[in-house]
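Structural characterization, general
Spelled out from the first residue to the last, the chains are:
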Amino acid sequence: MDDVKEENSPSLINSSAATEECSRDAKEENSQEFISKNANDVKQEENSDDFINANDVSEDDSDDFLNANDLSEDNSDDCTSMDDVELVLMLSEDSSDPESVGFSEESEEEMTVESVLKDQLSESSDSSDEVLNPEVTPQKRKRPFPEKSVNSFSSPAAIPVVKWRGKRKSLHRLQEEFQLNTSELKWNSMDKPDKEPRQPVFKPLQPPGPQVVCSPFCRPLQYFELFFTTSVLQTIVDHTNAYGAEKCSKKIWKQDTSVQEFKAYLALVIYMGLLKCSSLQDYWKTSNIYRLPFPNRTMSGNRFLAISSALHLSDPKVDAVNEEKKGTHEYDRLCKIKPLYQDIQEACKTSFQPFQNISIDERMVATKARNGLKQYMKNKPTKWGYKLFVLADSLSGYTWDFFVYEGKSVFSQGKGVGYDTVMRLANEKLLGSGYKLFVDNFFTSPSLFKDLLSKKIWACGTLRANRINHSKTPAPRGNIRWFRDDKLLFIEWKDRRDVLMCSTFHKAYNGDTVKRKVKGEKSGRIIKDFPVPAAVLDYNKHMGGVDLSDALIGYYKVLHKTRKWYRTFFYHFVDIAVVNAFILHKHTAKEKNEKSMTQKEFREGLCSDLMKASGCYSIVHPAPELLHLPKYISDDSTVGRQKCRNCYLKTPIMCVLCKLPLCFVPTRTCFTDWHESKAAEVKCRVSVGKISKAQ
């Protein structure tokens with residue numbers, strides 16, 4: 001633009017006289033044109049519908065917009081004559097047209113269309129470098145130009161640059177793949193009947209339930225060994241021995257461990273989930289407060305701590321090779337847990353076939369380690385920890401499949417973490433067809449549910465409003481709205497808050513109701529029935545499979561503090577194995593019409609079985625037997641005497657165990673008589689019980 005200005009400057013100087021005359025003529029012509037324009041304002045308003053709206057302009061039409069800056073450049077070479085001046089004037093008038101004016105984002109002044117028509121001259125030379133964007137503004141009534149000299153139009157740079165006031169919006173905003181434009185879809189009320197969709201035909205790959213044959217007298221250890229088999233234990237023992245010999249000092253790691261000894265170690269780990277102590281050393285204390293016999297009979301405290309410090313799940317040589325790949329795509333972040341991780345995954349899927357209702361949800365394993373795998377979830381009870389995605393049976397809470405979340409994957413399909421997680425866990429080749437999957441709003445999306453239908457897996461879940469461009473509308477409590485998009489049903493239910501659901505196998509409304517407490521007309525709260533969709537009832541009933549599994553693990557979890565991140569996963573895998581073994585025991589007992597054990601009884605029996613299977617007992621000195629012996633109440637036999645509990649005379653002697661004053665002199669043998677009498681024996685037991693409780 002600067003070059004054009006320089007080229008035109010000589011011709012403008014030579015024709016200065018002509019331009020002065022042109023300016024007078026141009027003023028007269030402009031005034032006549034503006035009068036005619038004002039006369040046609042009414043006609044222009046009537047034809048305002050013919051103008052193109054900015055929101056309706058497509059990308060194909062954007063090329064047809066006129067750029068005033070480009071036109072001025074094309075005509076800048078011939079701007080010396082009267083015709084050239086009139087061309088610039090016409091161009092400045094056309095710039096007020098909403099179809100030809102462009103708005104620049106880089107201009108410093110914010111002006112409306114009215115201010116554009118008032119100021120046609122931009123004194124700054126920098127404005128000539130700014131690019132005009134062909135955006136369309138709303139139609140406004142044109143006003144006449146103020147009088148300007150012709151010299152003000154001597155350069156195309158004089159055309160003003162306008163910046164849009166307000167938030168800038170593109171003509172076409174790309175939506176996410178799974179979003180629907182609900183503005184074009186019609187919401188139906190619950191009064192309008194909905195057609196019942198085709199229900200899934202349940203065809204699992206195996207009969208639902210335990211896939212093992214157990215005898216009527218099956219012990220807890222036999223269920224547990226379905227997950228921690230002898231080969232799995234041998235692998236852990238070999239890797240632990242290699243790591244202990246390489247990394248641990250000889251004072252700590254004196255000898256290699258064996259499978260039998262490792263079973264005793266597992267017995268203590270599970271026992272520590274039943275009986276909590278603040279530190280591991282407390283289990284082997286010999287004070288009257290602790291004095292726990294089971295840890296002492298199973299393994300010494302030093303040996304337990306030695307195995308804990310050397311515990312390793314992978315081969316140290318493989319770990320060294322993997323560390324060399326750090327920073328590349330070949331680096332495996334889960335290399336140190338991979339052997340046991342894969343074995344537990346396979347055992348969980350082999351030992352049980354889920355029933356028709358299944359659920360997928362997140363699980364947090366608490367940790368404070370400084371590790372890249374650690375995640376933060378503010379809405380979870382455990383906010384910091386490792387995140388696992390779990391597929392569980394909704395009826396029993398059995399953990400059928402899971403995987404550790406490592407972060408954003410390079411192999412993702414670009415549809416979100418929730419989509420990739422469900423498609424990975426819901427394996428129709430291992431499950432079969434006809435399953436009903438329940439997920440929360442983190443996973444639910446229309447594209448996911450359509451792809452699950454292609455795998456013959458039906459789904460139901462809560463939905464986030466932004467995934468279908470849904471806006472809240474005021475409605476009374478209990479109001480139900482719905483619409484269908486192909487095979488997907490979308491439901492909005494008004495409870496205390498708005499509830500959005502998406503389902504592929506539900507009907508909009510079946511006449512179900514739910515009870516809620518509401519404020520009465522006069523005072524107090526009353527119970528009132530409100531209509532509720534069937535999808536909400538089924539979701540509340542079957543979504544808690546993973547939560548049930550987490551609750552069973554949380555009652556007696558074996559997790560305790562450790563310095564190595566992979567040992568945290570080892571303890572969690574033990575929890576998964578114990579809970580799944582307990583669920584198998586419950587199902588087996590139910591099939592045989594027998595009474596099942598509680599989880600506490602199951603864990604106690606498992607600890608006893610593991611200790612017996614280990615066959616290694618440490619030498620433990622029995623605790624000294626408590627005896628009834630006399631002692632003086634005070635250092636002086638004449639001071640501090642108390643009444644005898646038998647003859648009620650003063651005596652300086654008392655029983656060590658009973659803490660009761662009793663005579664112990666040749667003439668009065670109250671001490672012996674008291675302990676030999678049956679009534680006194682009962683009283684003595686009561687007193688000993690009170691003393692032990694006080695301690």
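Residues numbered from 1 in each chain as written. Predicted model: local features only at pLDDT ≥ 70, side-chain atom pairs only at ≥ 80, totals over all residues. Heavy atoms only, no water.

1. Topic: the packing of aromatic side chains
The full count for this structure, using the stated rule, is 31 aromatic pairs. With centroids separated by 5.0 Å and ring planes inclined at 90°, the aromatic side chains of Phe442 and Phe443 adopt a geometry described as edge-to-face. Under the relative-accessibility criterion, Phe442 is labelled partly exposed at 23%. Within the aromatic cluster, the residues linked to one another by ring pairs are Phe262, Tyr265, Tyr271, Tyr283, Trp284, Phe294, Phe304, Phe570 and Tyr571. Over the face of the ring belonging to Trp253 we find Arg303, whose NZ or CZ atom lies 5.1 Å from the ring centre. The ring centre of Phe530 lies 5.5 Å from the NZ or CZ of Arg477, which sits over that ring. (Phe/Tyr/Trp six-rings, centres within 6.5 Å; stacked < 30°, edge-to-face > 60°. Buried < 20%, exposed > 50% of the residue type's maximum accessible area, 1.4 Å probe, protein only. Lys NZ or Arg CZ within 6 Å of the ring centre and 35° of its normal.)

2. Points about the environment of Lys374
By the secondary structure assignment, Lys374 is in strand 6 (residues 374-376). Linking Lys374 and Tyr405, residues 31 residues apart in sequence, is a C-alpha distance of 9.2 Å. (Helix = DSSP H or I, 4+ residues; strand = E, 2+ residues; numbered from the N terminus.)

3. A word on unusual backbone geometry
Peptide bonds are mostly trans, and most non-glycine residues show a negative phi. Of note in this structure, Lys456 is not a glycine but carries a positive phi near 60°. One non-glycine residue, Lys659, adopts positive backbone phi at about 60°. Within the secondary structure layout, Lys659 lies in the loop between strand 20 (653-655) and helix 21 (670-676).

4. Section: the nonpolar core
Counting 105 residues, the largest nonpolar core has Phe227, Phe228, Tyr265 and Phe570 as the members making the most contacts within it. Looking at which element gives the most residues to this core, the answer is helix 19 (residues 565-591), with 15 residues. Residues in contact with Tyr265, not counting those within four places in the same chain, are Met299, Phe304, Ile307, Ser308, Leu311, Phe570 and Tyr571. Formed by 19 residues, the second largest nonpolar core is a distinct cluster that contains Cys460, Leu489, Trp493 and Met543. (Core = buried A, V, L, I, M, F, W, Y, C linked by side-chain atoms within 4.5 Å. Contact = heavy atoms within 4.5 Å.)

5. Examining the confidence of the model for the protein
Considering every residue of the protein, the mean pLDDT works out to 76; 68% of them sit at 70 or more. Scored below 50 in pLDDT, residues 26-143 shows 162 contacts in the model against residues more than four places distant or in partner chains. Below pLDDT 50 for its whole length, residues 145-182 participates in 96 contacts with residues either more than four positions away or in separate chains. (pLDDT = per-residue confidence, 0-100.)

6. A word on helix 8 (residues 230-247)
Because each turn of an α-helix spans 3.6 residues, side chains separated by three or four positions end up pointing in the same direction. With 18 residues, helix 8 should reach 26 Å at 1.5 Å per residue; the first-to-last C-alpha distance of 25 Å fits that figure. Those residues of helix 8 lying buried are Val232, Leu233, Ile236, Val237, His239, Thr240, Asn241, Tyr243 and Gly244. Of the surrounding elements, those touching the buried residues of helix 8 are helix 9 (259-274), helix 11 (301-310), helix 12 (316-324), helix 13 (338-351) and helix 19. (Expected span 1.5 Å × (residues − 1).)

7. Brief notes about the pairing of strand 5 (residues 357-366)
Extensive coverage of strand 5 is indicated by the burial of eight of its 10 residues. Here nine bridges tie strand 5 to strand 7 (residues 384-393), and the two strands are oriented antiparallel to one another. By the bridge assignment, Glu362 is partnered in strand 7 with Phe389. (Pairing = 2+ DSSP bridges.)

8. Thoughts on the side chain of Asp282
The topology assignment puts Asp282 in the loop between helix 9 and helix 10 (293-298). A polar side-chain atom of Asp282 sits 2.9 Å from a polar atom in the side chain of Ser278. Apart from residues no more than four positions distant in its own chain, Asp282 is found in contact with Cys277 and Tyr290. (Polar contact = N/O pair within 3.5 Å; in protein donor to acceptor, adjacent residues only side chain to side chain.)

9. A look at helix 14 (residues 417-425)
Among the residues of helix 14, those classed as buried are Gly418, Tyr419, Asp420, Thr421, Val422 and Leu425. In this structure, the buried residues of helix 14 make contact with strand 5, strand 7, strand 8 (399-404), strand 10 (435-439) and helix 16 (446-454).

10. Regarding the packing of helix 9 against helix 19
Viewed as axis vectors pointing N to C, helix 9 and helix 19 meet at an angle of 80°, and their least axial separation amounts to 11 Å. On the basis of the axis angle, helix 9 is roughly perpendicular to helix 19. Across from Phe262, Tyr265, Leu266, Val269 and Ile270 in helix 9, the residues of helix 19 making contact are Phe570, Tyr571, Val574 and Val578. Along the lines of polarity and charge, the residues of the contact of helix 9 with helix 19 split into nine nonpolar, no polar and no charged. (Axes fitted to C-alpha atoms, helices over the stretch in contact; angles between N-to-C directions. Parallel < 35°, antiparallel > 145°, perpendicular 65-115°, else oblique. Nonpolar A, V, L, I, M, F, W, Y, C, P; charged D, E, K, R; others polar.)

11. Re the pairing of strand 12 (residues 480-485)
Among the six residues that make up strand 12, five are buried, leaving the element largely enclosed by the rest of the structure. Note that strand 1 (residues 188-189) and strand 12 share two bridges and pair antiparallel. Looking at the pairing, Ser189 lines up with Arg481 of strand 12. By the bridge criterion, six bridges tie strand 12 to strand 13 (residues 488-494) in an arrangement that is antiparallel. Residue Arg481 lies in a different strand from strand 13, and its bridge partner there is Glu492. What sits between the antiparallel neighbours strand 12 and strand 13 is a turn of two residues, in which Asp486 has the positive phi angle 60°.

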